[in-house]
Amino acid sequence: MLAFDKDATEVDLRYEVRQLSLLIQSVTDYAIYMLDQQGYVRSWNSGGERIKGYSQDEIIGQHFSKFYLPEDVEKGMPELGLEAARTHGKYEAEGWRLRKDGTRFRASIVIDPIWHDGQLIGYAKVTRDVTERFEANNRLIEAQKALVQSQKIEAIGKLTFGLAHDFNNLLTVVINSLDMIAVRPGADARTKELVDTAMRAADRGALLTRQLLSFARGQNLVAERHDLNELLARSMELYRRTCGPAVEFRVDLAPNLPPVFIDAAQFEASMMNLVANSRDAMPRGGTVTVSTCLVHRAESDSEDRSQDFVCVRVGDNGSGMSPEVAERATEPFFTTKDVGKGSGLGLSQVFGFAAQSGGFASIESQEQVGTVIQLCVPTAKD
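Residues numbered from 1 in each chain as written. Predicted model: local features only at pLDDT ≥ 70, side-chain atom pairs only at ≥ 80, totals over all residues. Heavy atoms only, no water.

**Overview of the overall build of the protein chain**
Next, step 1: Across its full length, the protein chain holds 11 helices and 11 strands.
Next, step 2: Carbon together with sulfur atoms contributes 53% to the accessible area of the protein chain, which is approximately 22900 Å² in total. (Helix = DSSP H or I, 4+ residues; strand = E, 2+ residues; numbered from the N terminus. Areas by Shrake-Rupley, 256 points an atom, 1.4 Å probe, with all protein chains shown as cover.)

Right under this line is the structure:
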């Protein structure tokens, strides 16, 4: 009778082992496998093959560090995981792992030590692919940041609109008064010089006001057909004066450019911003170059969605920008200039104008080499 009971127990045990093996092999959402004391793979399930790409024959006998990124292996993270599991009874972590084909996935892992009669005989390791959850969470965080930023910009815009509107009214009075002083008979040269200086400052204030109003409520563009080279030629002397005597001003306009539909006033404001920024980047002098060209840009693989753009480039050999500064340069109110020397709206206005005109703008900059800003608008369709 005892022999019969023993045989029955062994049969039951073998049955339970088979059932457990079938259960583990049937799990495909989790990689469930056993490691020996040194971390070499001793068992493998179908979930491991699905998630990591290795068949049982390929991975049995391999060290589990094979799944880690090279930089994590150099840091000793596989060994640290086994040590933590052995010391604390369990190790849980999340990080990037490698599949057989070299692609990365986000893994949630658990390592449990396996003890028998007080001796460590290996580890049970469970891995789950949580890439979709990780990326969805990151998208949610980015969306929340964008919402907060949008709310901040909206609040700043409302405040800016009120201040800029009042400031614009004050400037109107100042400019009108300066005009009246300028035409009064008998004004000496010194008075005219002072009036001219004040008028330039007032014009600068008026430009800043337009930038603030544009930021606060968006600028309604009045697009008309123009030759970009002619618009530049019309204001070229103004750009030269803006550069000042210490800066060399060069022009390289491509001939026979097709016409564009743009708001001339906003384009000229954009050019003033770009030229002034280049000048400010060269306090000890340098060169500002304004050039134009025709650019063909494909918006997709389909040629039907390609477009020709007339581009104006304003380049300098000034201090340039670091990649971090260049990345933030178009943010409203972001500036690296000293207080009182920049509003942080110049490039924001340029990029906004380009986008509203159906075009685009770009920045190429390198520290101690210089900066090139490109403003492109689509050619007019007949």
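**Examining the nonpolar core**
Generally speaking, nonpolar side chains in soluble globular proteins are found buried as a group.
Next, step 1: In this structure, Leu228, Leu232, Tyr239, Ile262, Phe267, Met271 and Val312 are the most contacted members of the largest nonpolar core, which totals 33 residues.
Next, step 2: Elements that contribute at least two residues to this core include exactly α8 (228-243), β6 (247-252), β7 (260-262), α9 (264-280), β8 (286-298), β9 (306-316), α11 (346-356) and β11 (370-378). (Core = buried A, V, L, I, M, F, W, Y, C linked by side-chain atoms within 4.5 Å. Buried < 20%, exposed > 50% of the residue type's maximum accessible area, 1.4 Å probe, protein only.)

**Considering the sheet that holds strand β2 (residues 91-98)**
Next, step 1: Taken in spatial order, the four strands of this open sheet run β1-β4-β3-β2, and their pairing is antiparallel. Both outer strands of the open sheet, β1 (30-35) and β2, are each paired with one neighbouring strand and no more. Taking each pair of neighbouring strands and ignoring which way they run, the sheet shows an average axis angle of 25°.
Next, step 2: Of the pairings in the sheet, the one linking strand β3 (residues 104-116) to strand β4 (residues 119-129) comprises 10 bridges and is antiparallel in character. The residue of β4 that forms the bridge with serine 108 is arginine 128.
Next, step 3: Helix-sheet contacts for helix α5 (residues 77-88) involve β1, β2, β3 and β4, and the interaxial angle to β3 is about 40°. (Pairing = 2+ DSSP bridges. Axes fitted to C-alpha atoms, helices over the stretch in contact; angles between N-to-C directions. Contact = heavy atoms within 4.5 Å.)

**Remarks on the pairing of β1**
Across a regular strand the side chains alternate sides, sitting on one face of the sheet and then on the other.
Next, step 1: Because side chains alternate across β1, one face comprises the buried residues Ala31, Tyr33 and Leu35, and the other comprises Tyr30, Ile32 and Met34, none of which is buried.
Next, step 2: Taken together, the six bridges between β1 and β4 define a ladder with antiparallel strand orientation. The residue of β4 that forms the bridge with tyrosine 30 is arginine 128.

**What to know about the state of the cysteines**
Next, step 1: A full pass over the atoms with the stated rule returns one disulfide.
Next, step 2: The disulfide partner of cysteine 311 is cysteine 376, and the S-S distance across this bridge is 2.0 Å. Because the sign of the S-S torsion sets the handedness, a value of about 115° for the bond joining cysteine 311 and cysteine 376 places this disulfide among the right-handed ones. On the criterion of sequence distance, the pair formed by cysteine 311 in strand β9 and cysteine 376 in strand β11 is long-range, its members being 65 residues apart.
Next, step 3: With no disulfide of its own, cysteine 293 has cysteine 311 as its nearest cysteine by sulfur position, at a separation of 5.0 Å.
Next, step 4: The class for cysteine 293 is partly exposed, based on a relative accessible area of 23%. (Disulfide = S-S within 2.5 Å.)

**Focus: the packing of aromatic side chains**
Next, step 1: Across all of its chains, the model carries seven aromatic pairs by this definition.
Next, step 2: With centroids separated by 5.6 Å and ring planes inclined at 90°, the aromatic side chains of phenylalanine 64 and tyrosine 68 adopt a geometry described as edge-to-face.
Next, step 3: Judged by centre distance (5.3 Å) and plane angle (85°), the ring pair of tryptophan 96 and phenylalanine 134 falls under edge-to-face. Note that tryptophan 96 is positioned in strand β2 and phenylalanine 134 in helix α6 (residues 131-183), a separation of 38 residues in sequence.
Next, step 4: Above the plane of the ring of phenylalanine 67 lies lysine 52, whose end atom (NZ or CZ) is 3.7 Å from the centre. (Phe/Tyr/Trp six-rings, centres within 6.5 Å; stacked < 30°, edge-to-face > 60°. Lys NZ or Arg CZ within 6 Å of the ring centre and 35° of its normal.)

**A few points about α9**
Turn by turn, an α-helix covers 3.6 residues, leaving residues three or four places apart pointing in a common direction.
Next, step 1: Its 17 residues place the ends of α9 24 Å apart at the C-alpha level, agreeing with the 24 Å of an ideal helix rising 1.5 Å per residue.
Next, step 2: Taking burial as the measure, the 17 residues of α9 include 12 buried ones, the bulk of the element.
Next, step 3: Within α9 the residues assigned to the buried category are Ala264, Gln266, Phe267, Ala269, Ser270, Met271, Met272, Asn273, Leu274, Val275, Ala276 and Ser278.
Next, step 4: One side-chain oxygen at the N-terminal end of α9 lies 3.1 Å from the backbone nitrogen of alanine 265; it belongs to aspartate 263. (Expected span 1.5 Å × (residues − 1). Polar contact = N/O pair within 3.5 Å; in protein donor to acceptor, adjacent residues only side chain to side chain.)

**Examining the pattern of salt bridges**
Next, step 1: All chains considered together, the criterion is met by 11 salt bridges.
Next, step 2: Taking the shortest distance from any N to any O, the salt bridge between glutamate 58 and lysine 100 comes out at 2.5 Å. Placement of glutamate 58 in helix α3 (residues 56-59) and of lysine 100 in the loop between β2 and β3 is noted, with a sequence separation of 42 residues between them.
Next, step 3: Residue classification places lysine 100 among the partly exposed positions, given a relative accessible area of 43%.
Next, step 4: The shortest N-O distance in the salt bridge between glutamate 94 and arginine 106 comes to 3.3 Å. With glutamate 94 in strand β2 and arginine 106 in strand β3, this pair connects stretches of sequence that are 12 residues apart.
Next, step 5: The network of salt bridges with shared partners includes Glu94, Arg106 and Arg133. (Salt bridge = Lys/Arg side-chain N within 4 Å of Asp/Glu carboxyl O.)

**Some thoughts on α5**
Next, step 1: Spanning 12 residues, α5 covers 16 Å between terminal C-alpha atoms, matching the ideal 16 Å at 1.5 Å per step.
Next, step 2: Listing the buried residues of α5 in full gives Pro78, Gly81, Leu82, Ala84 and Ala85. Looking straight down α5, one finds its buried side chains confined to an arc of 160°; they lie on one side. Across from the buried face of α5, at angles greater than 90 degrees, the exposed residues are Leu80 and His88.
Next, step 3: Where α5 is buried, its residues contact β1, α4 (70-74), β2, β3 and β4.
Next, step 4: Immediately beyond the C-terminal end of α5, within one or two residues, lies glycine 89, with a positive phi of roughly 90°. (Arc of directions from axis to C-beta.)

**Quick notes on the packing of α8 against α9**
Next, step 1: The interhelical angle for the contact between α8 and α9, taken along N-to-C directions, is 35°, at an axis separation of 10 Å. Read as a crossing pair, α8 and α9 show a hand that is right-handed. Residues Leu228, Leu231, Leu232, Arg234, Ser235, Leu238, Tyr239, Thr242 and Cys243 of α8 lie in contact with α9, whose contacting residues are Ala264, Phe267, Glu268, Met271, Met272, Val275, Ala276 and Arg279.
Next, step 2: For the contact of α8 with α9, a count of residues per class yields 12 nonpolar, two polar and three charged. (Left-handed = near helix turned anticlockwise from the far one by under 90°. Nonpolar A, V, L, I, M, F, W, Y, C, P; charged D, E, K, R; others polar.)

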